[in-house]
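# Structural overview for review
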Amino acid sequence: MLLPQLSAAETLAFLQQKLAVYTDAWDLAEALRTGAPGVQVLDVRAPERYQQGHIPGAVSFPHRTMTAETLAALDPNKCYITYCDGIGCNGSTKGALKLAKAGLSVRELLGGLDFWLRDQHPQLSGELPGEWPVAGTGKECGC
């Protein structure tokens, strides 16, 4: 079957939009490693899953607890990155949708925690967000 051909302008617009709403593990790791201002990672899974392991600096904010009231407490000047377990889970999409509906800037982490760990980025456990580790970071993406 022949795929429909898009014009270069249509492809450009689509790819720019895609990069505006998604981020990958390497780009997020670089933002966290360099202390990029205005980025806040939200783990939208159940609190128990967060405690078992999460991205350093991520805050536990389960998508099921997101309401107009809880979202109003977020800083409108930040860009929020949502993630869940991975490609078999749509929690990050549900969380990102709620954030966007609340007028907040948001991106979704491609592949969630699964791709994060596959790329061998650090993970922390416990109830606290923690910080980006000083040692053992800076792997190249290969992209």
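Right, let's walk through the structure included here. Just so it is clear, the structure is predicted and the values come from calculations on it, not from any experiment. (Residues numbered from 1 in each chain as written. Predicted model: local features only at pLDDT ≥ 70, side-chain atom pairs only at ≥ 80, totals over all residues. Heavy atoms only, no water.)

### Describing the overall build of the protein chain
Keep this limit in mind: Helix and strand assignments follow DSSP, with helices taken as H or I runs no shorter than four residues and strands as E runs no shorter than two, numbered in order from the N terminus. Computation of the radius of gyration draws on C-alpha atoms alone. For the globule rule, the value is 2.2 Å times the number of residues to the power 0.38. Pairs of residues are marked as contacts when any of their non-hydrogen atoms sit within 4.5 Å. Accessible areas in this description were obtained via Shrake-Rupley with a 1.4 Å probe; residue shielding takes into account the shown protein chains only.
Helix and strand content of the protein chain: 6 helices and 5 strands. Since a compact globule built from 143 residues should have a radius of gyration of about 15 Å, the 16 Å found for the protein chain is in line with a globular shape. Overall, the protein chain is about 50 × 40 × 30 Å in size when its C-alpha atoms are taken along their principal axes. Within the protein chain, contacts between residues separated by at least 24 positions form 71% of all contacts whose residues are at least 6 apart in sequence. Total accessible area computed for the protein chain in this model is approximately 8,800 Å², and 57% of it derives from carbon and sulfur atoms.

### Some details on the pairing of strand β4 (residues 79–83)
This is how the line gets drawn: Three labels apply to residues, based on accessible area from a 1.4 Å probe with only protein chains included: buried if under 20% of the type maximum, exposed if over 50%, partly exposed otherwise in between. Between any two strands, at least two bridges found by DSSP are needed for them to pair. Consider the strands pointing away from the viewer: the crossover is right-handed when the path from the first strand over the helix to the second runs clockwise.
Within β4, 5 of the 5 residues are buried, which leaves it mostly tucked inside the rest of the structure. What you see with β4 is no split at all: Cys 79, Ile 81 and Tyr 83 on one side and Tyr 80 and Thr 82 on the other are buried throughout. Sheet analysis places strand β2 (residues 39–43) next to β4, joined by 5 bridges and oriented parallel. Note that in β4 the partner of Asp 43 across the bridge is Tyr 83. Once you follow β4 into helix α5 (residues 91–101) and on to strand β5 (residues 105–109), the crossover reads as right-handed.

### Section: the nonpolar core
Quick reminder of the rule: Residues belong to a common nonpolar core when they are buried Ala, Val, Leu, Ile, Met, Phe, Trp, Tyr or Cys residues joined through side-chain atoms within 4.5 Å.
Among the nonpolar cores identified, the biggest contains 15 residues, and Leu 28, Leu 32, Val 41, Ile 55, Tyr 83 and Trp 116 are the most heavily contacted of them. At 4 residues, the largest contribution of residues to this core is made by helix α2 (residues 25–33). Ignoring sequence-local partners within four residues, the contact set of Leu 32 consists of Val 41, Ile 55, Pro 56, Trp 116 and Trp 132. Formed by 12 residues, the second largest nonpolar core is a distinct cluster that contains Leu 42, Cys 84, Ala 96 and Val 106.

### Points about α5
For an α-helix, the turn length of 3.6 residues means that residues three or four places apart are oriented alike. Note the following rule: The arc in question is formed by the directions pointing from the helix axis toward the C-beta atoms.
Regarding α5, the residues found buried are Gly 91, Ser 92, Gly 95, Ala 96 and Leu 99. Looking down the long axis of α5, one finds its buried residues gathered within 130 degrees of arc, a one-sided arrangement. On its buried face, α5 sits against β2, α4 (68–72), β4 and β5. Directly beyond the C-terminal end of α5, a positive phi value near 85 degrees is found at Gly 103.

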